[in-house]
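The chain contents come next:
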Amino acid sequence: MLFRSPSLEEIHDPFLMQDMDKAVNRLDEAINNNEKILIYGDYDVDGTTSVALVYSYLKNYYKQLNYYIPDRYTEGYGISYQGIDYAAENDFKLIIALDCGIKAVDKIAYANKKGVDFIICDHHRPGDEIPQALAVLDQKREDCNYPFKELSGCGVGFKLMQAWTQQTKKDEDKLLEYLDLLAISTCADIVPMTGENRVFVHYGLKRINENPRLGVKTMIDLNGIKNKLTVADVVFKIAPRINAAGRLKSGRKAVQMLVEEDDEKVIDFGENINKIGRASYRERV
């Protein structure tokens, strides 16, 4: 059986996702009002690539941004009260939560009292109650008619950026430059390699092999990968080292490496993450 090559035309309209209009309007309002925006993601590969994608893409157009990765040991998985307090104390009016938040009912209620709005971008199955965030993007919501249900958390973040790009009439080709990060997330999160995911991985790996961003190139070089990067390379060589950063130290280090544009700094970040990865391997064996 022959399989045809994936096409970018297979990417769905992001506005088919429940709450996407609310999310894009709030993001645009924050930018127009010069509000501080915090990009918040979990400490694993999906979370850190999500943050790197949304942060680095938006930074092309807007500078009032920062990112936040919770500490695995002091804050735990997902949205934390400490992260919300950090946002409130530092005048962040909007948090974009990536790869987490769909079950953070109490924490979103706490954020609402603090005057901090949330756009949740998650791909996990919701609980009995949807958090009262300003917008909740999750294709697994029962009331969401988005046609593809297997996006990674980074995939949902990408859909938000796609919708904002369309609404503000930005160059969509610029957004496609970030498919490398989405491909890493999709491979590492072991989501089905069908539909949009197949498109994202095909074009994302193509970009990595033709013109990799500094952070990704550094990880490839440090792993001694000489041939074209494959799905297996991402799953068994790249992803474990990024995961180790969040597990043993801080997922922020992974984001720093992925968004860095200075050659010397990115090598330092990469070597540090590689050391963490080797330490993690020694712990397991």
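Our structure's up above, just so we're on the same page.
One structure accompanies this document, and this report is about it. From a predicted model like this one, the values you see are computed outputs, not experimental measurements.

**Some thoughts on the overall build of the protein chain**
- Along its length, the protein chain carries 12 helices and five strands.
- Here the C-alpha radius of gyration of the protein chain, 18 Å, is about what a compact globule of 285 residues would show, namely 19 Å.
- Its C-alpha atoms give the protein chain principal-axis dimensions of roughly 50 × 45 × 35 Å.
- Among the 285 residues that make up the protein chain, the fraction classed as buried is 52%.

**Things to note about the layout of surface pockets**
- The computed volume of the largest pocket comes to approximately 260 Å³.
- Its residues assigned to classes, the lining of the largest pocket shows five nonpolar, three polar and seven charged.

**Notes on empty space enclosed by the protein**
- A complete count under the given rule lists one cavity of 30 Å³ or more for this structure.
- Looking at the largest cavity, its volume works out to about 30 Å³.
- As for the largest cavity, its lining consists of Ile 184, Val 216, Met 219, Ile 238, Ile 242 and Leu 258.
- For the lining of the largest cavity, the secondary-structure elements that each account for two or more residues are α9 (214-222) and α10 (231-248).
- Class assignment of the residues belonging to the lining of the largest cavity gives a composition of six nonpolar, no polar and no charged.

Criteria and thresholds
The written sequence of each chain sets the order in which its residues are numbered from 1. For a predicted model such as this one, the threshold for reporting local features is a pLDDT of at least 70, and the threshold for listing and counting side-chain atom pairs is 80 or more; totals across whole chains, interfaces and linings nevertheless cover every residue. The basis for the side-chain values is all heavy atoms of the structure; hydrogens and waters are excluded. Runs of E in the DSSP output that reach at least two residues are strands. Runs of H or I that reach at least four are helices, and both are numbered from the N terminus. Each radius of gyration reported is based on C-alpha atoms, and the globular scaling rule is 2.2 Å times the count of residues to the power 0.38. Each residue gets one of three labels from its accessible area relative to the maximum for its type: buried under 20%, exposed over 50%, partly exposed in between, using a 1.4 Å probe on protein chains only. A pocket here means an open set of points on a 1 Å grid, computed over the protein atoms alone, that has protein on both sides within 12 Å along at least five of seven lines. A cavity is instead a set of points where a 1.4 Å probe fits but cannot get out; residues with an atom within 4 Å of a point line either one. Grid points are joined across faces, edges and corners, and a volume is the space filled by probe spheres set on the points. Asp, Glu, Lys and Arg are counted as charged, while Ala, Val, Leu, Ile, Met, Phe, Trp, Tyr, Cys and Pro are counted as nonpolar; the rest, among them Gly, fall into the polar class.

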